[in-house]
Amino acid sequence: MVLLLLTSCNQRENDQNRITTTEAFSDLKTPAFVFDYHKIKGNLQKIAWETPVEVDVDRVTRSYYLEHDKLLWIDYYGIDDRADSLVSWLRLLPEIGMSPNAFGIVGIENDIRKLRQLDFDDSQEINRVAARLEFQLTRACLRYATGQRFGYINPRRVFNNLDVEKEDTVHHRTIYRELFDIPMDVPSSSFYRSVLSKIKNDSIAAFLSEIQPDGKYYRQMKEMLYEQPDNEQRRCILCNMERGRWRLRQPIPESGKYIVVNIPAYHLYAFDADTLLDMRIVCGAQKTKTPLLTSAIEWMEVNPQWVIPRSIVEKDVVKHVGDTAYFARNRYQIYEKTTNKVIDVSSVSRSMLLSGNYRVAQQSGSDNSLGRIVFRFKNNYSVFLHYTSNPGAFMRDMRAVSHGCVRVAKPFELAQYVLDQPDEWLLDRIRISMDIKPETERGRAYLERHSEDKEHRLIGYVPVKPHVPLFLIYYTIWPDENGSVRTWPDVYGYDQIIWERLQPYI
C-alpha cells in the first residue's frame, strides 16, 4: 500500500499551501488515498449550500467556502494538531453546560480518525471526508470562538426587539422599546477574519486559550454549575453564565465607589471601600420595563418638578384634556416649549398636546410623583433614581410597578452617600428641604425662625463630584446585602428568553 496522507505536523511547509492536486503525487498510483482539490472544493460548496444556518455565525462558515478557494485545516500532509487543539477545547464543553453535539464533535473525531487511518470506501471517499471535516472544523471553531469571546447571544439584538412601542403604519415597520443599552464588544467581520487567519497561521490553540471568559462572576457560576444537579437551578446558572460571557466595556468594578441596581433582586447596593448602603427599590412594570444601562450620577434635584414623559402624556394625560379639575388635583401645568410659558389648561386641545410643542409638568412638593429628591444621570430613556409620594410600594414583594424609573427607599441616605465629604450644613439644607428634621444647631435655628413657612426650599440643584458610576443590571443569581449568593425571581422573563436562544448549543 502506498501512503499518501502524512500526519506529522513538523513537516508542514512554511508557505502553507493548504492543498494540492493529484499532480503533486503523479509518481504514486493509489487514487483512493490521493486528495483532489477540485473534488474537495466541489464537495465543500455542496455542503455549504445544504447545511442549515442554525445560528448567525454559521453564515460566516457558509460564506467562506462559497467565496474562497483556500482550505484552512487540510493540506497535502492531511490533518495536523490544530484540529486536535480545537477538539480538546470542545471536549470541555460539558463543563460550561454546552453540548459537544452542538459543535459536531463526534463527526469531527470520526473523520479525523478516517483520514489518519486511511479508512475510506465508496461511500466514504477521501475527498468527501476531507471536505466534510474541513467544513465542520471551521463551523465548530467559529461557533466556539465567537461564543466564548462575546457570548452565544447578542443581548442588544435580542432584548431591543422584544417589546413593541408602536407600529409605524406609514413606513410599515414596528418600533421596539430599547431595553438594553450597556456598551459591550460584539463580533465583527474583522473578528471572523482574525479567527480564520489564526487557523491558517497555526496560532488557533493560543487564541482559543486567550479568549476564554475569566471574570470573577463567570468563574463563580462555573463552579456552581459543577456542584448543581438540579435541572431548574442549572438552567438559571447557565443563563447567568451567558451574562458573564458578555464583554462589557465598563464592567462592574471590584473596588471603589459605585452603585448597582439589580432588577430581579428589587434592590440597590451602594459600595464604598468596605461599607455598603443597601435599600429596596421599585422598578418598571412589565409594559414599561426599566432599561439596563451603565451611567454615572452627576447631580441631584431636591423638590424637583416632574416633566411627564411623552409616552405617559399620550397614554394617560391626553384623555383629560379640558378637565381643569384633573390638572389642578394633580398639580399639572402645561408649558409651551419654545417660550417656557405656562398655558391655560382650558385653552389646550388634544391635538395641541399631541403635537410635541408642549410639555406637561407636575409641580414640586410632597405629593410629587418623584418625591422630594431625584438623582440624575445621562441616559437615552429619561429614567432616573428618585423617591416617591407612595412609599407603601416598597413593602410589596412584587415591586415592578413604575413607568421605568427606579424608586429608592432611602433617598436621603443615598444623597449623603453620593456626595464627596459633604459639610453638615449642606446635609441639613437637604434635610430641611426634604422635610426631614435637621441635625445641626444652625438647621434647628433656621426652622425656628421660619416656623410659619409651609415649604422650605433651601437647596435645589446639588452637583455630584466626582460622578458616581451606576449600573442597572439584571442577574437572577447575585449576592444579597450580606454577600450571600442568592437566586432571584425572573421578573421580566429574561432568563426564559436567554434559555430559548441558547438551545442550539445545549
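Residues numbered from 1 in each chain as written. Predicted model: local features only at pLDDT ≥ 70, side-chain atom pairs only at ≥ 80, totals over all residues. Heavy atoms only, no water.

### Looking at the overall build of the protein
Stated formally: For the purposes of this entry, the term helix denotes a DSSP run of H or I that reaches at least four residues, the term strand denotes a run of E that reaches at least two, and both are numbered from the N terminus. Radius of gyration here is computed from C-alpha atoms only, and the compact-globule reference equals 2.2 Å multiplied by the residue count raised to the power 0.38. Residue burial is assigned from relative accessible area. The probe radius is 1.4 Å, only protein chains are included, and a residue is buried under 20% of its type maximum, exposed over 50%, and partly exposed in between. Methods summary: accessible areas were calculated by the Shrake-Rupley approach with a probe of 1.4 Å, and residue burial reflects only the protein chains presented. By the counting rule applied here, Lys and Arg register as positive and Asp and Glu as negative, while His and the ends of each chain are not counted. A charge is said to be at NZ when it belongs to Lys, at CZ for Arg, at CG for Asp and at CD for Glu.
The secondary structure content of the protein amounts to 17 helices and 20 strands. In terms of C-alpha radius of gyration, the protein reaches 31 Å, well past the compact-globule figure of 23 Å for 506 residues. Counting only C-alpha atoms, the protein reaches 110 × 55 × 40 Å along its principal axes. Sorting the 506 residues of the protein into buried and exposed places 49% on the buried side. By element, 48% of the accessible surface of the protein is carried by carbon and sulfur atoms, the whole surface being about 25,000 Å². Positive and negative side-chain charges in the protein, numbering 67 and 68 respectively, have mean positions lying 4 Å apart.

### Focus on the packing of aromatic side chains
Here is the rule: Classification of ring pairs uses Phe, Tyr and Trp, with its six-membered ring standing for Trp, and accepts pairs whose centres are within 6.5 Å; under 30 degrees between planes counts as stacked, over 60 as edge-to-face, and the remaining range as tilted. We call a charge positioned above a ring when the Lys NZ or Arg CZ atom is no farther than 6 Å from the ring centre and deviates by at most 35 degrees from the ring normal.
For the structure on display, the rule yields 24 aromatic pairs. A centroid spacing of 5.7 Å and a plane angle of 80° characterise the contact between Tyr 326 and Tyr 332, whose relative ring orientation is edge-to-face. With respect to class, Tyr 326 is no different from Tyr 332; both count as buried. Grouping aromatic residues by their ring pairs yields a cluster made of Phe 159, Phe 180, Trp 246, Tyr 474, Tyr 492 and Tyr 494. Over the aromatic face of Tyr 417 sits the side chain of Lys 257, whose NZ or CZ is 4.9 Å from the ring centroid. In this structure, Arg 359 packs its charged tip against the face of Tyr 335, placed 4.5 Å from the ring centre.

### Overview of the pattern of salt bridges
What counts here: Here a salt bridge means any side-chain nitrogen of Lys or Arg lying within 4 Å of a carboxyl oxygen belonging to Asp or Glu.
Under the criterion given, the structure shown has 27 salt bridges. Salt bridges linked by common partners bring Glu 54, Asp 58 and Arg 143 together as one network.

### Comments concerning the environment of Asp 490
Put simply, the rule reads: Residues count as neighbours in contact if any of their non-hydrogen atoms are within 4.5 Å of one another. Polar contacts here mean pairs of N or O atoms no more than 3.5 Å apart (in protein, one a potential hydrogen donor and the other a potential acceptor; neighbouring residues in sequence count only if both atoms are side-chain atoms).
Note that Asp 490 resides in the loop between β20 (485–487) and α17 (494–502). Separated by 15 residues in the primary sequence, Asp 490 and Tyr 475 have C-alpha atoms spaced 8.6 Å apart. Excluding anything up to four places from it in sequence, Asp 490 contacts Tyr 474, Thr 476, Asp 495 and Gln 496. Among the polar contacts made by the side chain of Asp 490, one reaches the main-chain amide nitrogen of Tyr 494 at a distance of 3.0 Å.

### Digging into empty space enclosed by the protein
For clarity, the threshold we go by: Residues are said to line a cavity or pocket when one of their atoms sits within 4 Å of a point; the points come from a 1 Å grid over protein atoms alone, cavities being sets where a 1.4 Å probe fits but cannot get out and pockets being open sets with protein on both sides within 12 Å along at least five of seven lines. Grid points are joined across faces, edges and corners, and a volume is the space filled by probe spheres set on the points. Asp, Glu, Lys and Arg are counted as charged, while Ala, Val, Leu, Ile, Met, Phe, Trp, Tyr, Cys and Pro are counted as nonpolar; the rest, among them Gly, fall into the polar class.
Scanning the model with the defined rule gives 4 cavities of 30 Å³ or more in all. Every residue lining the largest cavity is listed: Phe 159, Phe 180, Ile 182, Arg 243, Trp 246, Leu 248, Ile 252, Leu 292, Ile 473, Tyr 474, Tyr 475 and Tyr 494. Counted by class, the lining of the largest cavity contains 11 nonpolar, no polar and 1 charged residues.

### Describing the nonpolar core
Note the cut-off: Buried Ala, Val, Leu, Ile, Met, Phe, Trp, Tyr and Cys residues form a nonpolar core when they are joined through side-chain atoms within 4.5 Å.
Counting residues in hydrophobic clusters, the biggest one holds 150 residues, and the most contacted among them are Trp 73, Ile 259, Leu 385, Leu 414 and Val 418. For this core, the element with the highest residue contribution is helix α5 (residues 126–150), accounting for 13 residues. Among all residues touching Trp 73, those that are not within four sequence positions of it are Tyr 65, Gly 78, Ile 79, Arg 82, Ala 83, Leu 86, Glu 134, Leu 137, Thr 138, Cys 141 and Ile 199.

### Details of helix α10 (residues 231–245)
Quick note on the threshold: An expected span of 1.5 Å times one less than the residue number is assigned to each helix.
Compared with the 21 Å implied by 1.5 Å per residue over 15 residues, the 21 Å span of α10 between its first and last C-alpha is a close match. Within α10, the full set of buried residues consists of Gln 233, Cys 236, Ile 237, Leu 238, Cys 239, Asn 240, Met 241, Glu 242, Arg 243 and Arg 245. In this structure, the buried side of α10 is in contact with α5, α9 (216–227), β19 (477–479), β20 and α17.

### A look at the packing of helix α15 (residues 424–433) against helix α16 (residues 441–449)
Here is the rule we go by: A fitted line through C-alpha atoms represents every axis, and for helices the fit uses only the stretch in contact; the resulting angles, taken between N-to-C directions, go from 0 to 180 degrees. By convention, the crossing between two helices is left-handed when the near helix turns anticlockwise from the far helix through less than a right angle, and right-handed when the turn is clockwise.
Interhelical geometry of α15 versus α16 gives an angle of 35° and a closest axis separation of 9 Å. As α15 packs across α16, the resulting crossing turns out to be right-handed. Touching Trp 425, Asp 428 and Ile 432 of α15 are Arg 442, Gly 443, Tyr 446 and Leu 447, all from α16. When grouped by side-chain class, the residues that make up the contact of α15 with α16 number 4 nonpolar, 1 polar and 2 charged.

### A short note on the pairing of strand β4 (residues 173–176)
Side chains on a regular strand alternate between the two faces of the sheet. The test is simple: Two strands qualify as a pair provided DSSP detects at least 2 bridges between them.
Where strand β3 (residues 164–168) lies against β4, 4 bridges are found, and the strand directions are antiparallel. Considered in β4, the bridge of Val 164 is made with Tyr 176. The turn linking β3 back onto β4 is made up of 4 residues, and His 172 within it adopts a positive phi angle of 55°.

### Things to note about the pairing of strand β8 (residues 275–284)
Among the 10 residues that make up β8, 7 are buried, leaving the element largely enclosed by the rest of the structure. Relative to β8, strand β7 (residues 267–272) runs antiparallel, the two sharing 6 bridges. Bridge pairing links His 267 to Arg 280 in β8. Hairpin connection of β7 to β8: 2 residues between the antiparallel strands, including Ala 273 at a positive phi of 55°. As paired elements, β8 and strand β17 (residues 406–408) share 2 bridges and run antiparallel to each other. Residue Ile 281 lies in a different strand from β17, and its bridge partner there is Val 408.

### A word on the sheet that holds strand β10 (residues 306–307)
Pairing in this open sheet of 4 strands is antiparallel, and the strands run β10-β13-β11-β12 from one edge to the other. Edge strands, defined here as strands with exactly one partner in the open sheet, are β10 and β12 (341–343). The pairing of β10 with strand β13 (residues 358–362) spans 2 bridges and is classified as antiparallel. When the sheet's bridge partners are listed, Trp 306 is paired in β13 with Gln 362.

### A few points about the confidence of the model for the protein
The test is simple: As a per-residue measure, pLDDT reflects the predictor's confidence and takes values from 0 up to 100.
Mean pLDDT over the protein works out to 90, with 93% of the residues at or above the 70 mark. Considering only residues more than four positions removed or in separate chains, one finds that residues 1–29, a stretch of pLDDT under 50, has 69 contacts.

### Examining the side chain of Arg 247
Locating Arg 247 in the fold gives a position in the loop between α10 and β6 (258–262). One buried charged residue, Arg 247, forms no salt bridge at all, with the nearest opposite charge on Asp 185 at 6.6 Å. A distance of 2.8 Å separates the side chain of Arg 247 from the backbone oxygen of Gln 148, its partner in a polar contact. Those residues within four positions of Arg 247 in sequence are excluded, and the remaining contacts are Gln 148, Arg 149, Met 184, Asp 185, Ile 211, Gln 212 and Pro 213.

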